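Topology and contacts: notes
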Amino acid sequence: MFRIQFPAILEKVRDSALLVKKGLAPYERDSVVFDKVQYSFPLLAGLMWIAAQNNGKLNVLDFGGSLGSTFHQNKFFLNTLDYVRWCIVEQPDFVRTGIDSFSDDVLHFYYSIDDCFKENNIDIILLSSVLQYLESPFDILNHIKLKRIKYIIIDRTPFIKGRDRITIQKVHPKIYNASYPCWFFNKTKFLDSIIGDYDMIMEFNSLDEANIVSEFKGFLFEQNPGKKR
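On a predicted model such as this, the values are computed, not experimentally measured, just so you know.

1. So, the overall build of the chain
Within the chain one finds eight helices and 11 strands. What you see for the chain is a C-alpha radius of gyration of 17 Å, in line with the 17 Å of a compact globule of 229 residues. Reported as C-alpha extents along the three principal axes, the dimensions of the chain are approximately 45 × 45 × 30 Å. Counting over 229 residues, the chain shows a buried share of 49%. The long-range share in the chain, meaning contacts at least 24 apart out of those at least 6 apart in sequence, stands at 69%. Carbon and sulfur atoms form 51% of the exposed surface of the chain, whose accessible area is close to 11600 Å².

Shown next, in the form of structure tokens:
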């Protein structure tokens, strides 16, 4: 990833996530603790739609999933399913912290996509607010397509008119002091890299916003049956 996590940032994310794990806070995102859960209902609908087709079971690879923010965000609904295995692939320091403090029968942490696939039969890969922070996002998408995962869910991803653009994102100092590169994608080019191998089931708006003209989108894709070879 482009993004370099400093120890102080990881510490703040860990402390906030522990509050959620212990039931002392309802929801955490990007180290910020909220007084109520902020749902992405299209994302949740996608997960439950997939589970409905899979006998109430979900095997999720949450790429860039921090210490389980999205899992805990949707835990109330996910707990109604017969089986959930939520695997997170993250940067090494996050994985070590996840294994030490957050891993359980449902949450599992891995250093790479390949490591995750060695131990799990993944049905879904979730890419939420992560592709824009990767140095080579289309290489990651190509790697994912080679894994023949049946479903891809993308959320909180920024798009602009014109060519792909690299920017510097500055985090609000009330959260933590940091800045890092961030892509804004051309939507046509982005979708062309996926559609063909996958069919788009749904496109939806995300709640994020930026101070440049852009839109944040999410998508649910299902593997094209003709591409399963």
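2. Examining a nonpolar patch on the surface
Judged by side-chain polarity, Leu19, Leu24 and Val33 come together as a nonpolar surface patch covering roughly 260 Å² of accessible area. With respect to the helices and strands, the residue Leu24 is situated in the loop between helix 1 (7–21) and strand 1 (27–29).

3. Brief notes about the packing of aromatic side chains
Here the distance between the centres and the angle between the planes together describe a pair of aromatic rings. For the coordinates displayed, the defined rule picks out 16 aromatic pairs. Plain terms: the ring middles of Tyr133 and Tyr180 are 5.5 Å apart, the flat faces sit at 85 degrees to each other, and that makes the pair edge-to-face. Residue Tyr133 is found in the loop between strand 6 (124–128) and helix 7 (137–146), and its partner Tyr180 is found in strand 9 (residues 179–186); the two are separated by 47 residues along the sequence. Through a chain of ring-to-ring contacts, the aromatic side chains of Phe138, Phe159, Phe185, Phe190, Phe219 and Phe221 assemble into a single cluster. One cation-aromatic arrangement involves Lys147 over Phe117; the distance from NZ or CZ to the ring centre is 5.2 Å.

4. Here's the deal with the side chain of Asp62
By the element assignment, Asp62 lies in strand 3 (residues 57–63). Despite its burial, Asp62 pairs with no opposite charge; the closest candidate is Arg156, at 9.3 Å N-O.

5. Thoughts on unusual backbone geometry
The backbone phi angle of Ser66 is positive, close to 55 degrees, even though this residue is not glycine. Within the element layout of this structure, Ser66 appears in the loop between strand 3 and helix 3 (69–73). Positive phi outside glycine occurs at Arg156, with the angle close to 55 degrees. Along the chain, the position of Arg156 falls in strand 7 (residues 151–160).

6. Some remarks on the pattern of salt bridges
The full count for this structure, using the stated rule, is 11 salt bridges. With a shortest N-O distance of 3.5 Å, Arg156 and Asp30 are connected by a salt bridge. Remark: Asp30 occurs in the loop between strand 1 and strand 2 (32–34) and Arg156 occurs in strand 7; sequence separation between them is 126 residues. Overall, Arg156 belongs to the buried group, its relative accessible area being 16%. The partner of Lys187 in a salt bridge is Glu215, with the nearest N and O atoms 3.7 Å apart. Taken as a pair, Lys187 in helix 8 (residues 187–192) and Glu215 in strand 11 (residues 215–223) lie far apart in primary sequence, 28 residues in all.

7. Things to note about the nonpolar core
Counting 35 residues, the largest nonpolar core has Leu58, Trp86 and Ile153 as its most contacted members. Sequence-distant contacts of Ile153, defined by excluding residues within four places in its chain, comprise Leu43, Gly46, Leu47, Ile50, Ile124, Ile125, Leu126, Leu127, Phe219 and Leu220. Among the nonpolar cores identified, the runner-up in size contains 26 residues, and Ile144, Ile154, Ile194 and Tyr198 belong to it.

Cut-offs and rules
Residues numbered from 1 in each chain as written. Predicted model: local features only at pLDDT ≥ 70, side-chain atom pairs only at ≥ 80, totals over all residues. Heavy atoms only, no water. Helix = DSSP H or I, 4+ residues; strand = E, 2+ residues; numbered from the N terminus. Rg over C-alpha atoms; globule rule 2.2 N^0.38 Å. Buried < 20%, exposed > 50% of the residue type's maximum accessible area, 1.4 Å probe, protein only. Contact = heavy atoms within 4.5 Å. Areas by Shrake-Rupley, 256 points an atom, 1.4 Å probe, with all protein chains shown as cover. Patch = residues over 30% accessible without salt bridge, like charges linked within 9 Å, V, L, I, M, F, W, Y side chains within 5 Å. Salt bridge = Lys/Arg side-chain N within 4 Å of Asp/Glu carboxyl O. Phe/Tyr/Trp six-rings, centres within 6.5 Å; stacked < 30°, edge-to-face > 60°. Lys NZ or Arg CZ within 6 Å of the ring centre and 35° of its normal. Lys, Arg positive; Asp, Glu negative; His and termini not counted. Core = buried A, V, L, I, M, F, W, Y, C linked by side-chain atoms within 4.5 Å.

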